[in-house]
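# Topology and contacts: notes
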There are 2 protein chains.
Amino acid sequence: MEDIAQIYKALSEQMRLRILMLLTHGELCVCDLMAVLEEPQSKVSRHVAYLKNSGLIKGRRVGTWMHYFLKEPLEGLVAAHVEFLKRELSGLDWARDDVEKMKEVQAKKLCEAPPSVTRKRASGTTGTAAAGMAGNKGKRKANS
Amino acid sequence: MEDIAQIYKALSEQMRLRILMLLTHGELCVCDLMAVLEEPQSKVSRHVAYLKNSGLIKGRRVGTWMHYFLKEPLEGLVAAHVEFLKRELSGLDWARDDVEKMKEVQAKKLCEAPPSVTRKRASGTTGTAAAGMAGNKGKRKANS
DNA sequence: CGAATCTATCTGCTTAAACGGATATAAGAA
DNA sequence: TTCTTATATCCGTTTAAGCAGATAGATTCG
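Only a predicted model underlies this, so the values are computations on that prediction, with no experimental measurement involved.

Okay, the relation of the copies chain B and chain A next. Each copy of the sequence occupies a distinct position, and chain B is placed on chain A by a rotation of 179° and an axial shift of 0.0 Å, giving an RMSD of 0.0 Å. Look at the turn and shift together and you get a two-fold axis relating the two. Considering only C-alpha atoms, the part of chain B nearest the rotation axis is Tyr8(B), at 2.7 Å. In this assembly the copies share their binding face: 95% of the residues contributing to the interface of chain B also contribute to that of chain A.

We now examine the sheet that holds strand E3 (residues 65-70) of chain B. Residues and elements named next belong to chain B. Here 3 strands make up an open sheet; going across it, the order is E1-E3-E2 and the pairing antiparallel. Looking along the sheet, the strands with just one partner apiece sit at the ends: strand E1 (28-29) and strand E2 (57-62). For E1 and E3, the ladder comprises 2 bridges, and the chain directions are antiparallel. Residue pairing across strands places cysteine 29 opposite histidine 67, the latter belonging to E3.

Moving on to the protein's contact with DNA strand C. Close to DNA strand C lie 24 residues; Arg16(A), Arg46(A), His47(A), Gln41(B) and Tyr68(B) are nearest. Counting only atoms of DNA strand C within 4 Å of the protein, the sugar-phosphate share comes to 67%. Ser42(A) is positioned with one of its side-chain polar atoms (N or O) 3.5 Å from a base nitrogen of DNA strand C. At a separation of 2.9 Å, a phosphate oxygen of DNA strand C approaches a polar side-chain atom of Lys43(A). Looking at the surface near DNA strand C, the elements with two or more residues in it are helix H4 (41-53) of chain A together with helix H3 (30-37), helix H4 (41-53) and E3 of chain B. Broken down by element, the residue count for the surface near DNA strand C peaks at 5 residues, all from H4(A). Of the residues contributing to the surface near DNA strand C, the split by class is 8 nonpolar, 9 polar and 7 charged.

The rules behind each value
Residues numbered from 1 in each chain as written. Chains lettered and ligands numbered in written order. Predicted model: local features only at pLDDT ≥ 70, side-chain atom pairs only at ≥ 80, totals over all residues. Heavy atoms only, no water. Least-squares fit on C-alpha atoms with pLDDT ≥ 70 in both. Contact = heavy atoms within 4.5 Å. Pairing = 2+ DSSP bridges. Helix = DSSP H or I, 4+ residues; strand = E, 2+ residues; numbered from the N terminus. Near = heavy atom within 4 Å. Polar contact = N/O pair within 3.5 Å; in protein donor to acceptor, adjacent residues only side chain to side chain. Nonpolar A, V, L, I, M, F, W, Y, C, P; charged D, E, K, R; others polar.

Written out as structure tokens, the structure reads:
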């Protein structure tokens with residue numbers, strides 16, 4: 001799996017770079033990624049799968065959710081590249097924007113909390129939801 | 001042109017990595033690259049063109065030949081990546097092998113010398129050619 | 001000029017992988 | 001079990017780019 005070209009293939013899509021940079025800040029579930037990236041689920045899942053198959057990230061199931069995170073420890077050259085990315089890309093505009101949005105998304109805690117709590121918050125109290133509704137592009141029907 | 005994903009696309013083929021690593025040792029013409037890589041001319045040219053269009057290398061004409069070399073100075077992120085490649089890949093088996101073969105190829109000086117000299121050497125004295133014929137896969141008809 | 005050589009590009013074909021939408025699967029809640 | 005949610009995967013389509021072989025352009029030599 002020391003195929004360097006394969007590492008670069010994995011890094012050669014902006015979407016995957018964005019996902020990787022987000023994961024350098026901690027693990028995230030697919031729905032959080034969808035919310036941050038504002039991309040359809042199949043697209044996010046596809047790219048996450050690619051990164052997983054390339055040996056860059058791993059996933060673990062947490063209830064209904066899959067949480068993805070950087071594989072640690074990474075093998076030699078892959079590790080060097082990820083360090084490189086952290087160092088060189090974290091200052092770029094798009095990376096900063098994504099991290100900022102990630103914090104907003106996580107503040108809403110739609111995914112991280114136990115399912116029961118989440119479910120009730122989302123449908124029951126519209127107050128907290130309204131406060132953080134900015135950027136929600138109809139991903140979740142308000143009340144139905 | 002600070003599209004990071006595009007940099008990684010350029011690096012995501014083994015053939016292009018090999019070319020780049022060779023060029024870290026100095027400029028080379030296409031026919032030398034063909035000899036080292038043992039690949040057809042259209043393939044070498046195609047990958048060289050890709051690297052050129054991605055802003056990693058440049059070419060200059062020297063008589064009949066095109067010599068390619070790493071673009072200097074490279075822009076920020078590209079430069080960092082090339083430095084990274086030099087540091088991390090130069091010890092790999094395939095990279096060492098290619099450099100070694102490059103030195104053999106250049107020792108024959110089929111390309112670097114002025115065309116007239118080259119032409120006469122190649123067709124006139126078969127002695128020098130025979131000494132370095134190893135690895136020549138019918139690329140050049142011996143006498144026709 | 002014509003011949004030879006080096007390189008770039010075109011041709012037709014093939015493959016990898018992108019995409020969005022639909023569907024299947026897995027797990028918790030009711 | 002049935003419903004809902006989260007995620008993975010399948011579908012048909014599209015695009016980028018791989019390939020080898022053929023051809024065209026550039027340059028130098030005679």
